[in-house]
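Chains, contacts and geometry: an overview
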Amino acid sequence: MISLFIGRLIVLCAKRAYSVIALFMLLAGLSVWASMTHLGVTTDTDKMLSDKLEWKKRSDMMGALFPQKSNLLVAVIKADLPEEGRATARALAAKLSADHEHFNYVRLPDDDPYLNRNGLMFLDPKSLSKVLDDTVTAQPFLGSLAADPSARGLFDSLGLIAEGVKRGQAGLGGFQTALNGFADNLQAAAEGHPTPLSWQQLLAGNLSDLAGRYQYVVTQPKLDYGSFQPGGAATDAMRAATKDLEFVRSGNAQVFMTGEVKIDDEEFATVADGMVAGLLGSLVLVTVWLTLAVHTWRVIIPIVVTLITGLLLTTGFAALAVGTLNLISVAFAILFVGIAVDFAIQFSVRFLGQHPKLSGEGGLEEALFVTGEETGHQILVAALATAAGFLAFTPTAFLGVAELGLIAGVGMMVAFLCTIILLPALLRIFRPSVAHPRSGYLFMKPVDHLIRKWRKPLLAVFAVVALIGAVLIPGLKFDGDPLHTKNPNSEGMKTLHLLIANPISSPYSAEYLAPSLDAAKAMADKASKLPGVHDAMWLGSYVPDNQDTKLALIQDAAEILLPSLVVPDVKPAPDAAAVKASAGAAATALGGILEQLPPQDPLRRIQAALAKLSTAPDALALQANDALVRFLPMQLDSLKTMLNAQPVSIKDIPEVIRRDYLLPDGRALVEIHPSGLMSSTDALHRFVETVQPLSPEMAGSAVDIVESAKTIVGAFRTAAISAIVMIAIILLVALRKILDMGLVLAPLLLSALMTVILIDAVPETLNFANIIALPLLLGVGVSFNIYFVMNWRAGVQFPLASPTARAVLFSALTTGTAFGSLALSHHPGTASMGRLLLLSLGCTLVATLVFVPALLPKRPIDQE
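The numbering scheme is per chain: residues are counted from 1 as the chain's sequence reads. For this predicted model, a pLDDT threshold of at least 70 governs which residues receive local features, and a threshold of 80 or more governs which side-chain atom pairs are given and counted, while totals over whole chains, interfaces and linings are taken from all residues. Computation of side-chain values covers all heavy atoms of the structure but excludes hydrogens and water.

Some thoughts on the packing of helix 9 (residues 176–190) against helix 25 (residues 602–613)
The contact between helix 9 and helix 25 brings their axes to 9 Å, and the two run at 25°. By the angle between their axes, helix 9 is roughly parallel relative to helix 25. Handedness of the crossing formed by helix 9 with helix 25: left-handed. Counting all contacts with helix 9, which are made through Q176, L179, N180, F182, A183, D184, L186, Q187, A189 and A190, the residues of helix 25 involved are P602, L603, R605, I606, A609, L610, K612 and L613. Looking at the contact of helix 9 with helix 25 residue by residue, the class counts come to twelve nonpolar, three polar and three charged. Orientation is described by axes fitted as lines to C-alpha atoms, over the contacting stretch for helices, and by angles from 0 to 180 degrees between their N-to-C directions. For the purposes of this entry, the term helix denotes a DSSP run of H or I that reaches at least four residues, the term strand denotes a run of E that reaches at least two, and both are numbered from the N terminus. Small angles under 35 degrees read as roughly parallel and large ones over 145 as roughly antiparallel, with 65 to 115 read as roughly perpendicular and the rest as oblique. Left-handed describes a crossing in which the near helix is turned anticlockwise from the far one by less than a right angle; the clockwise case is right-handed. Only heavy atoms enter the contact rule, under which two residues are in contact if any of them lie within 4.5 Å. Think of it as three bins: nonpolar holds Ala, Val, Leu, Ile, Met, Phe, Trp, Tyr, Cys and Pro, charged holds Asp, Glu, Lys and Arg, and polar takes everything else, Gly as well.

Shown next, in the form of structure tokens:
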């Protein structure tokens, strides 16, 4: 009954071809208008999962309570010297702080006055004692430099060292590293290549490395979520600001950008990279496949117009039903084209293979009617089953795929209507000839015979394959880390990898919101003792411990050092003659003690360099003066500040730090950082499994990644089961036999299990991007299998030689071409999606073209 109705509807649409086409063009135009005015795309990944999930509620709550920690754009400064890095960071922060158009706030997290003043107190007593002892030993040297912070004062101090060596009173054993560093700089200056001297490294030695290799400028840019790159304007502003920085221009410092905003923006740029070329290549190949499938442009153009119209209508529905697409639901176009082209090719190949009795207009209408009777109900069942498979994802907590399922599900019915209404009208206009003798592949008849002959061994092999796939399912791993789907060669990701080894700057952490500071301290103490935990930071972490002991050491050193460091009248800067005269005097003094020095003593190199510098041109002498003492005043000021340290408590912590850990209502944050690299899924899961037992309220990026993976896997498991059940019901209603239903579902399950084997063998990790292969596998698999089973019910004897097999093959080639263009993407997530789609499509094709013919029960009309 339904077949007859569809056949008559097709003939009616063909007779009213121009009216039908005009109606669809009107609807397509309205869809374009709706898409342009109501459809948007959000790059906000927080919208991908339901905010009703408990862990998502905690994550969203943390983001709302500490908004200053979200949506960050970070400048990472790598400099030759720590002072150059600090100066570059301060200059950049000053520029960006004045840019209120692009930035909400700008911070220097490692350059806070509170931290600078109390820096010595954060050392352990043993390290503190050593650095203070070394500094006190250098007191005469430092006092001379404080009174004359120039190359002249520096060279005069070297003369004092020579006098000390002569008298046997200079113990230089602990200063060899510093003297070697100074000798390198002085030699370079004497040879005409003066380079800045790091007084931080010279005086602090290895302790200067505790601050890390990089300086940070942390910003929160103003975002435009209506753009594909919401932080693009702020990123451009930051990049422009860096170009004029002194040490960036000189090449002594480099500024890299990273952060959530930068990485997310780059993701879209990476996806777009090469997309136009890939799209054009795909269109060329699709045209080739369509030409081979239907042989004539009189059918190719109607198919393409039908696809484009259906896609426009589906996009219009998306605009009205969803409004804003997310990073996954934008893939509905791929799914639509991949399956809708199958409907159109199936119809067209069957149409071209008809042999109408009439000729002319009557023959064309007769061919359309018979094609509608033969294939209309098959395409309808395929569309309903495919739509049911997609719609099964709609109720899940994974909103990205839920929206995709809704749009693609409705899109399947749109594709069906376009195939039986618009396509016949277009065929009526373009008037292709029918009765093509090669609508199927007659040379495949021997293969059909072979499959029937070896039916049982083939089924046994597929049974073993299915068993292997079933065994491998528990071993499948889902990588929920979104960083792993991004381009590792982008600036944001390369910069992030520089920081990821440091637990403090790593993007992975767990967070706990304690009801009070006391509870935060208790949680931090407990967490810090766990294996795999590097530290647990809370507000009290910014209060040094053992203050009495440390302050006593600092005050003892201050009594000796400060009188010589605080100089009321500093000598004016020297001229070139004074610099050269001082260099000559120091060279003479050191020359008198050379016989007392070991052969490799750095003072020998220093003496030679001073002697050479004493006769250097005036310009070089002044350049050497600037290079050698450029950062000396900064270091002396820092030392004086730290020697004036006073007792501190939580109340003394500045607001800019306090607000990151303490809320106005008294609740306090604890940040738990993992030890070791968290770049692997297993390591991340182990860390989360370690800290989650501390409290069910644990949150943070590491917890979010692990919990989102669980949510997504659970959503797909539920949706897959629901989809199979819904497809089974539709098939049972349509086919009215449990056996026939099983003949459609069995190859579907087999193709899924074969895909599992390939995922394990390649290997290919499941992630946010490529997991949409599952709904596509259901859609394409159901369509292909239904055609073969319904042909078998209709008495078709040689399935592989039939027009259906030809249509399935070219449908697969056309769909595979689109997926292939994705697999060649520069974006790892998109490329993995393309690869997995190709793998699943290949498995579906094997199941349809080999397993189904072997599985179909023998009928009296079948030949072995």
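Structure's up, so let's keep going.
Overview of the pairing of strand 4 (residues 214–221)
Burial analysis of strand 4 places eight of its eight residues in the buried class, which makes it a mostly covered element. Residue alternation in strand 4 divides its side chains into two sets, Y214, Y216, V218 and Q220 and Q215, V217, T219 and P221, and both sets are buried. Both strand 2 (residues 73–79) and strand 4 contribute to a ladder of six bridges, which runs antiparallel. Paired with I77 across the two strands is Q215, which belongs to strand 4. Pairing between strands is defined by DSSP: at least two bridges between the two strands are required. Direction of pairing for strand 3 (residues 103–107) relative to strand 4: antiparallel, over a ladder of four bridges. Looking at strand 4, one finds that Y105 is bridged to Q220. Note on classification: 1.4 Å probe, protein chains only; a residue is buried when its accessible area is under 20% of the maximum for its type, exposed when over 50%, partly exposed between these limits.

Remarks on the layout of surface pockets
Only protein atoms enter the 1 Å grid used here. Points where a 1.4 Å probe fits but cannot escape make up a cavity, open sets with protein on both sides within 12 Å along at least five of seven lines make up a pocket, and a residue lines them when an atom lies within 4 Å of a point. Grid points are joined across faces, edges and corners, and a volume is the space filled by probe spheres set on the points. If you add up the space inside the second largest pocket, you get close to 1000 Å³. Around the second largest pocket, the lining comprises 32 residues; the ones closest to its centre are I473, L476, V756, L766 and L774. Those elements that place two or more of their residues in the lining of the second largest pocket are helix 29 (681–691), helix 30 (701–735), helix 31 (738–761), helix 32 (773–793) and helix 34 (828–855). Examining the composition of the lining of the second largest pocket, we find that eight residues originate from one element, helix 30, more than from any other. For the lining of the second largest pocket, the per-class residue count stands at 23 nonpolar, five polar and four charged.

Quick notes on the sheet that holds strand 9 (residues 533–537)
Pairing is antiparallel across the open sheet formed by three strands, whose spatial order is 8-10-9. Here the strands that pair on one side only, and so sit at the sheet edges, are strand 8 (510–514) and strand 9. Direction aside, the axes of adjacent strands within the sheet are offset by 20° on average. As paired elements, strand 8 and strand 10 (residues 668–674) share five bridges and run antiparallel to each other. From the neighbouring strand, L513 faces strand 10, where its bridge partner is L669. In this fold helix 22 (residues 517–528) packs onto strand 8, strand 9 and strand 10, with an angle of close to 10° to the strand it touches most, strand 10. The strands that helix 29 touches are strand 8, strand 9 and strand 10; relative to strand 10, the one it contacts most, it runs at about 140°.

Topic: the packing of aromatic side chains
Classification of ring pairs rests on two measures: the distance between centres of Phe, Tyr or Trp rings, Trp counted by its six-membered ring, which must be within 6.5 Å, and the angle between planes, read as stacked under 30 degrees, edge-to-face over 60 and tilted in between. Under the definition given, this model contains six aromatic pairs. Ring geometry for F393 versus F716: centroids 5.3 Å apart, planes at 65°, classification edge-to-face. Taken as a pair, F393 in the loop between helix 17 (360–391) and helix 18 (399–430) and F716 in helix 30 lie far apart in primary sequence, 323 residues in all. Note on accessibility: F393 and F716 belong to one class, buried.

Focus on the side chain of R452
Note on placement: R452 falls in helix 19 (residues 445–453). Residue classification places R452 among the buried positions, given a relative accessible area of 13%. Counted as a polar contact is a pair of N or O atoms within 3.5 Å, where, for protein atoms, one must be capable of donating a hydrogen and the other of accepting one, and residues adjacent in sequence contribute only when both atoms are in side chains. A distance of 2.8 Å separates the side chain of R452 from the backbone oxygen of P853, its partner in a polar contact.

Focus on a nonpolar patch on the surface
A contiguous nonpolar patch, built from V32, M36, V304, I308 and L312 and spanning about 420 Å² of accessible area, is present on the exposed surface. Looking at the nonpolar patch, the elements with two or more residues in it are helix 2 (17–38) and helix 15 (297–321). Its place among the elements puts V32 in helix 2. Two joining distances apply to patches: 9 Å for like charges and 5 Å for nonpolar side chains (Val, Leu, Ile, Met, Phe, Trp, Tyr), and every residue must have over 30% relative accessible area and no salt bridge. For the area figures, the Shrake-Rupley method with a 1.4 Å probe applies, and any residue is considered shielded solely by the protein chains shown. Within this document, salt bridges are pairs made up of a side-chain nitrogen of Lys or Arg and a carboxyl oxygen of Asp or Glu, the two lying within 4 Å of each other.

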